[in-house]
Amino acid sequence: MAVTPANVNDGRAGPDALPDNPGKVFADSAYRGNHFGDAVRAKGGTPRIVATGMWGQDESKTQARLEAWNQPIHRIRGRIEKIFGTWKRSYGLRRMRWRGLAKAGVQIRLTAIAYNMKRSLKIIDMAG
């Protein structure tokens, strides 16, 4: 997890949040570009970034290629974005409560802990 000021582009801050050997890294088009893709490859991962456009002679074939590329990425990202939506909707992360990166980082980490605790209770309840 990386916490940055609002004036920092996601694609520039993304490499700071990457673990070693991340595997496939799914990201939206804000992470498109060499800076993030090179950082993923340097750590041993494979970037899977949403494409916003492709070039080709035949428009229908190009559109089909674009949809074929984005479909598996959207499937994974949809599950991840749902978590961020829950954080914003139910856990008050629409706005930061305190000023400063350190305090904002604490707020986000505590929100993640609370979400994971509630989620683990639901998983245990379903298993039992």
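The structure reproduced in this document is the subject of the present report.

Each value, and the rule that gives it
- Every chain begins its residue count from 1, and numbering advances along the sequence as written.
- Only residues with pLDDT of 70 or above have their local features reported here, since the model is predicted, and side-chain atom pairs are shown and tallied only from 80 upward, although totals for entire chains, interfaces and linings are computed over all residues.
- Only hydrogens and water are set aside when side-chain values are computed; all heavy atoms of the structure are taken into account.
- In this text, helices come from DSSP runs of H or I with a minimum length of four residues, and strands from runs of E with a minimum of two, each type numbered from the N-terminal end.
- Atoms counted for the radius of gyration: C-alpha only. Globule rule: 2.2 Å times the number of residues to the power 0.38.
- Relative accessibility thresholds used throughout: buried, under 20% of the residue-type maximum; exposed, over 50%; partly exposed, between the two (1.4 Å probe, protein chains only).
- Residue-level accessible areas treat just the shown protein chains as cover; the underlying method is Shrake-Rupley with a 1.4 Å probe.
- Summarising the geometry, the arc corresponds to the directions from the helix axis toward the C-beta atoms.
- Contacts are assigned to residue pairs with any non-hydrogen atoms lying within 4.5 Å of each other.
- As used here, the term nonpolar core means buried Ala, Val, Leu, Ile, Met, Phe, Trp, Tyr and Cys residues forming a set that is joined through side-chain atoms within 4.5 Å.
- Within this document, salt bridges are pairs made up of a side-chain nitrogen of Lys or Arg and a carboxyl oxygen of Asp or Glu, the two lying within 4 Å of each other.

A tally of regular secondary structure across the protein gives 4 helices and 2 strands. Going residue by residue from the N terminus, the α and β elements of the protein occur as α-β-α-β-α-α. In terms of overall size, the protein is more extended than a compact globule, its C-alpha atoms giving a radius of gyration of 18 Å where 128 residues would be expected to give roughly 14 Å. In terms of principal-axis extent, the alpha carbons of the protein reach across some 50 × 40 × 30 Å. The proportion of buried residues among the 128 residues of the protein is 25%. When the accessible surface of the protein is split by element, carbon and sulfur atoms take 53% of a total near 9,600 Å².

Let us look at helix H2 (residues 34-42). Taken residue by residue, H2 has Phe-36, Gly-37, Ala-39 and Val-40 as its buried positions. Projected onto a plane normal to the axis of H2, the buried residues spread over an arc of 160° and lie on a single side. Seen from the open side of H2, the exposed residues pointing more than 90 degrees away from its buried face are Asn-34 and Ala-42. Residues of H2 that are buried sit in contact with helix H1 (10-13), strand S1 (24-27) and strand S2 (46-49). Of the residues trailing H2, Gly-44 is marked for its positive phi of about 95°.

A separate point is the nonpolar core. Judged by nonpolar contacts, Leu-18, Val-25, Ala-27, Phe-36, Ala-39, Val-40 and Ile-49 together constitute the single largest core of 7 residues. If you list the elements that add at least two residues to this core, you get S1 and H2. Broken down by element, this core gets its largest block of residues, 3 residues, from H2. The residues touching Ala-27, leaving out its near neighbours within four places in the chain, are Phe-36, Arg-48, Ile-49, Val-50, Ile-73 and Arg-77. Among the nonpolar cores identified, the runner-up in size contains 5 residues, and Trp-87, Leu-93, Ala-112 and Tyr-115 belong to it.

It is worth spelling out the pattern of salt bridges at this point. With the rule as written, the count across this model stands at 3 salt bridges. Put simply, Asp-28 and Arg-77 hold a salt bridge, and the shortest N to O gap is 3.6 Å. Of this pair, Asp-28 sits in the loop between S1 and H2 while Arg-77 is found in helix H3 (residues 59-90), placing the two residues 49 residues apart along the sequence. For Arg-77, a relative accessible area of 14% translates into the label buried. Residue Arg-77 pairs with Glu-81 through a salt bridge whose shortest N-O separation is 3.2 Å. Linking Arg-77 with Glu-81, this pair stays in helix H3, spanning 4 residues, or about one helical turn. Where salt bridges share partners, they join Asp-28, Arg-77 and Glu-81 into one cluster.

Remember that the coordinates give geometry; whether it matters functionally is a separate question.
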